[in-house]
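# Residue-level structure breakdown
If you want the building blocks of each chain, they are given just below.
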Amino acid sequence: MPCMAMEEIEKRLLSELENLCKPSRQAHCRFVAETAEFLARRFSVDSFAARVAGLGHDLMKDRDIGYQWELARSAALHPEMEAVTAVVATMESEKAFADKIIHGPAAAVYLRESLGIDDKAILMAVSLHSQAALGMDKLSAIIFAADKMEPTRAYAGIREAEALRDDSLETLLRKALGLSIKWLNAKGYGIAQSSIDLYNALTMDKASE
Ligand SMILES: [Fe+2]
Ligand SMILES: [Fe+2]
C-alpha cells in the first residue's frame, strides 16, 4: 500500500470515528489500535493493517440495530467478502445474542463500501472481533486480544499489561477469550459457540503441553 494511501485511510478513519461513535468508544478504538499495533510488531504482522482494524472494529456499534443487520447482510453483495458472509450466517443462527455482535460484520462492510478497504484479513479481523473462531489468522487473534485487553477495559490491570508484553499469541488469545466468556457470563449474556470451541481447543492444547 503506498504511503499516501495509508495516510489518507487513517485520516478518514479517524474522522469517521469522530462522526459515528460516542467519545468513550472513540477512546476505546484508539487504545485497541495502539495495542494491536504493538502486538502486530511483536508477532510480525502488518502493523498498519492492525491499526486500521483496531480503529474501525466498533465503528457501527452506536448505529441503529436494524441498520447494523442490513449492512452486515450486504456483505453478500461483495464476492471478496465471502468469509464475512459466512460469519453473518452463523450469527443469524445465534439470535439470542447476535444483536450484540453483528456490529463487527457491519463495520467490515462499512469499511469496504465507504473507505474502499478490501484487505480480506482486515475485514475478517473486524468481523470476528466479538466472537473469534477456530483457525482464525494472526491479525484476527491480535484484534480479538487487543479489544479485550486494551488498558482502559474495566478489568484491565497489571496482569493484562504483562500478558500483552510477554505472552505468546496463543496464550494471549486464550486469556482474552477467558476474560470475554467470564464477563458475558457475569452479565447473563449468551456466548457464541465459536468462542467456546476456540477456548476449549486452546485449553486442551495447554493441558497437553
Ligand atoms: Fe465490538
Ligand atoms: Fe471494541
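Looking up the protein chain in an unreviewed UniProt entry gives the name bis(5'-nucleosyl)-tetraphosphatase (symmetrical), with the organism given as bioreactor metagenome. The Catalytic activity (unreviewed entry) field of the UniProt record for the protein chain holds the comment "P(1),P(4)-bis(5'-adenosyl) tetraphosphate + H2O = 2 ADP + 2 H(+)".

Below, the discussion takes up the pattern of salt bridges. For the structure on display, the rule yields 10 salt bridges. The partner of glutamate 10 in a salt bridge is arginine 51, and the shortest N-O contact between them spans 2.7 Å. Of the two residues, glutamate 10 is situated in helix H1 (residues 3-20) and arginine 51 in helix H3 (residues 47-56); the sequence distance between them amounts to 41 residues. One salt bridge in this structure joins arginine 41 and glutamate 37, with 3.7 Å as the shortest N-O distance. In this pair, arginine 41 and glutamate 37 are both assigned in helix H2 (residues 23-42), 4 residues apart and thus about one turn of the helix distant. Classification of arginine 41 as exposed rests on a relative accessible area of 56%. Here the salt bridges do not stand alone but share partners, grouping Glu10, Glu37, Arg41 and Arg51 into one network.

Protein coordination at the iron ion (ligand 1): the donors are Asp58 (OD), His103 (NE2) and His129 (NE2), at 2.1 to 2.2 Å from the metal. Linear spacing of the donor residues for the iron ion (ligand 1) on their chain is D-x44-H-x25-H. In this structure, the iron ion (ligand 1) lies 3.6 Å away from the iron ion (ligand 2), the two metals sharing aspartate 58 as a donor. Taken together, the positions of aspartate 58 in the loop between H3 and helix H4 (65-73) and histidine 103 in helix H7 (residues 103-115) put the pair 45 residues apart, joining distant regions of the chain. The burial state of aspartate 58 is the same as that of histidine 103; both residues are buried.

Note on the iron ion (ligand 2): its protein donors are His28 (NE2), His57 (NE2), Asp58 (OD) and Asp147 (OD). The metal-donor distances range over 2.2 Å. Considering all 4 donor atoms around the iron ion (ligand 2), the spread of angles at the metal, 82 to 177°, places the coordination shape in the irregular class. Counting along the primary sequence, the residues that act as donors to the iron ion (ligand 2) give the motif H-x28-H-D-x88-D. Take histidine 28: its relative accessible area is 11%, and that puts it in the buried class.

In the Ramachandran plot, serine 44 falls in the positive-phi region, its phi being about 55° despite a non-glycine side chain. Mapped onto the elements, serine 44 comes out in the loop between H2 and H3. At alanine 132, a residue that is not glycine, the phi angle is positive and equals roughly 65°. Secondary-structure assignment places alanine 132 in the loop between helix H8 (120-127) and helix H9 (138-149).

Parameters and conventions
- Residues numbered from 1 in each chain as written.
- Chains lettered and ligands numbered in written order.
- Predicted model: local features only at pLDDT ≥ 70, side-chain atom pairs only at ≥ 80, totals over all residues.
- Heavy atoms only, no water.
- UniProt positions renumbered as here; feature names shortened; annotations may be inferred.
- Salt bridge = Lys/Arg side-chain N within 4 Å of Asp/Glu carboxyl O.
- Helix = DSSP H or I, 4+ residues; strand = E, 2+ residues; numbered from the N terminus.
- Buried < 20%, exposed > 50% of the residue type's maximum accessible area, 1.4 Å probe, protein only.
- Donors = N, O, S within 2.8 Å, 3.2 Å for Na, K, Ca; no water.
- Tetrahedral: all angles 85-135°; square planar, octahedral: opposite > 155°, others 65-115°.

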